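# A closer look at the structure
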Amino acid sequence: MDSCAGHFEDNLKMYEEQGEYTICTQIAAYKNNYDMFMDVLYYTRGADSIYTDVGMRNYHEFEIDFMKEYNVDLNMTTLFSSMNSVISECALRGRMTDELENEGKYVFYLKPIPTLDAKPKGVMVFIVSTELFKDWLTEYVPSDYSIYICYDRYLSWLFRSEGEGNENALIERLSKLGASRIENTRINGENYILFSDSN
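Here's what I pulled together on the structure shown here. (Residues numbered from 1 in each chain as written. Predicted model: local features only at pLDDT ≥ 70, side-chain atom pairs only at ≥ 80, totals over all residues. Heavy atoms only, no water.)

## Remarks on the pairing of strand β5 (residues 106–113)
β5 sits mainly inside the fold: eight of its eight residues count as buried. Burial of β5 is two-sided: the residues Tyr 106, Phe 108, Leu 110 and Pro 112 facing one way and the residues Val 107, Tyr 109, Lys 111 and Ile 113 facing the other way are all buried. Where strand β4 (residues 90–94) meets β5, five bridges bridge the pair, whose relative direction is antiparallel. Residue pairing in the sheet places Cys 90 in a bridge with Leu 110 of β5. Bridging between β5 and strand β6 (residues 122–129) involves eight bridges; their strand directions are antiparallel. If you follow Phe 108 over to β6, its bridge partner there is Ile 127. (Buried < 20%, exposed > 50% of the residue type's maximum accessible area, 1.4 Å probe, protein only. Helix = DSSP H or I, 4+ residues; strand = E, 2+ residues; numbered from the N terminus. Pairing = 2+ DSSP bridges.)

## Thoughts on a nonpolar patch on the surface
On the surface, Ile 182, Ile 193 and Phe 195 cluster together into a nonpolar patch covering about 340 Å² of accessible area. Mapped onto the elements of the fold, Ile 182 is located in strand β9 (residues 181–187). Here Ile 182 falls in the exposed class, since its relative accessible area comes to 58%. (Patch = residues over 30% accessible without salt bridge, like charges linked within 9 Å, V, L, I, M, F, W, Y side chains within 5 Å. Areas by Shrake-Rupley, 256 points an atom, 1.4 Å probe, with all protein chains shown as cover. Salt bridge = Lys/Arg side-chain N within 4 Å of Asp/Glu carboxyl O.)

## Concerning the packing of aromatic side chains
One pass over the structure, following the stated rule, counts 14 aromatic pairs. Between Phe 37 and Phe 126, the ring centres sit 5.0 Å apart and the planes meet at 40 degrees, which makes this aromatic pair tilted. Of this pair, Phe 37 sits in the loop between α2 (20–33) and β1 (39–44) while Phe 126 sits in strand β6; the two residues are 89 residues apart in sequence, bridging distant segments of the chain. Take Phe 37: its relative accessible area is 4%, and that puts it in the buried class. Ring plane angle 70 degrees and centroid distance 6.0 Å describe the contact between Tyr 70 and Tyr 106, whose orientation is recorded as edge-to-face. (Phe/Tyr/Trp six-rings, centres within 6.5 Å; stacked < 30°, edge-to-face > 60°.)

## Things to note about the pattern of salt bridges
One pass over the structure, following the stated rule, counts six salt bridges. Where Glu 16 meets Lys 121, a salt bridge forms, and the shortest distance between an N and an O atom there is 3.1 Å. Of this pair, Glu 16 sits in helix α1 (residues 2–18) while Lys 121 sits in the loop between β5 and β6, and the two are 105 residues apart along the sequence. You can call Lys 121 partly exposed: its relative accessible area is 38%. With a shortest N-O distance of 3.7 Å, Asp 39 and Lys 31 are connected by a salt bridge. Assessed through its relative accessible area of 7%, Asp 39 is described here as buried. One continuous salt-bridge network, built from bridges that share partners, spans Asp 2, Glu 89 and Lys 111.

What follows is the structure, encoded as structure tokens:
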């Protein structure tokens, strides 16, 4: 994702000069060359349209079609408001409309462009299946471990490899951990390693 966003950022001025077709063609190239991406999008802040691999779309129509195709309500995901406000990369949980509140089917990874600007002009969005995300994590985490990932300042669930457990206690401990910390801890007789990368 970072390499695609970096390549796109390096060439954005040229793409914009060449127009919509070039931007959409490049987005399609990222999507087709990396099968991990369910979709790749580019949004210019303040616009009422979004670039996709098949062309520029009115955002509202795109949102309706996305819900029809993937059963994901982008209003619940807060994608539009996040694309207009994000200043550093982040992830959002894309929940299917018939899922339980704490479950997520997709991960939306938002990468502002340009990355170091205080007010980026646009954002790339990479949409990845939660199952694929889980497969990536299990490559690096032993099978007898469970994985819980929270995001944002409210510590909302992005991903959980197991069901209910010590999750409330985990969130409480994470909220007290502070920025950029690692801690070994026991909660209700279970061992946990907590990582915090909050600002």
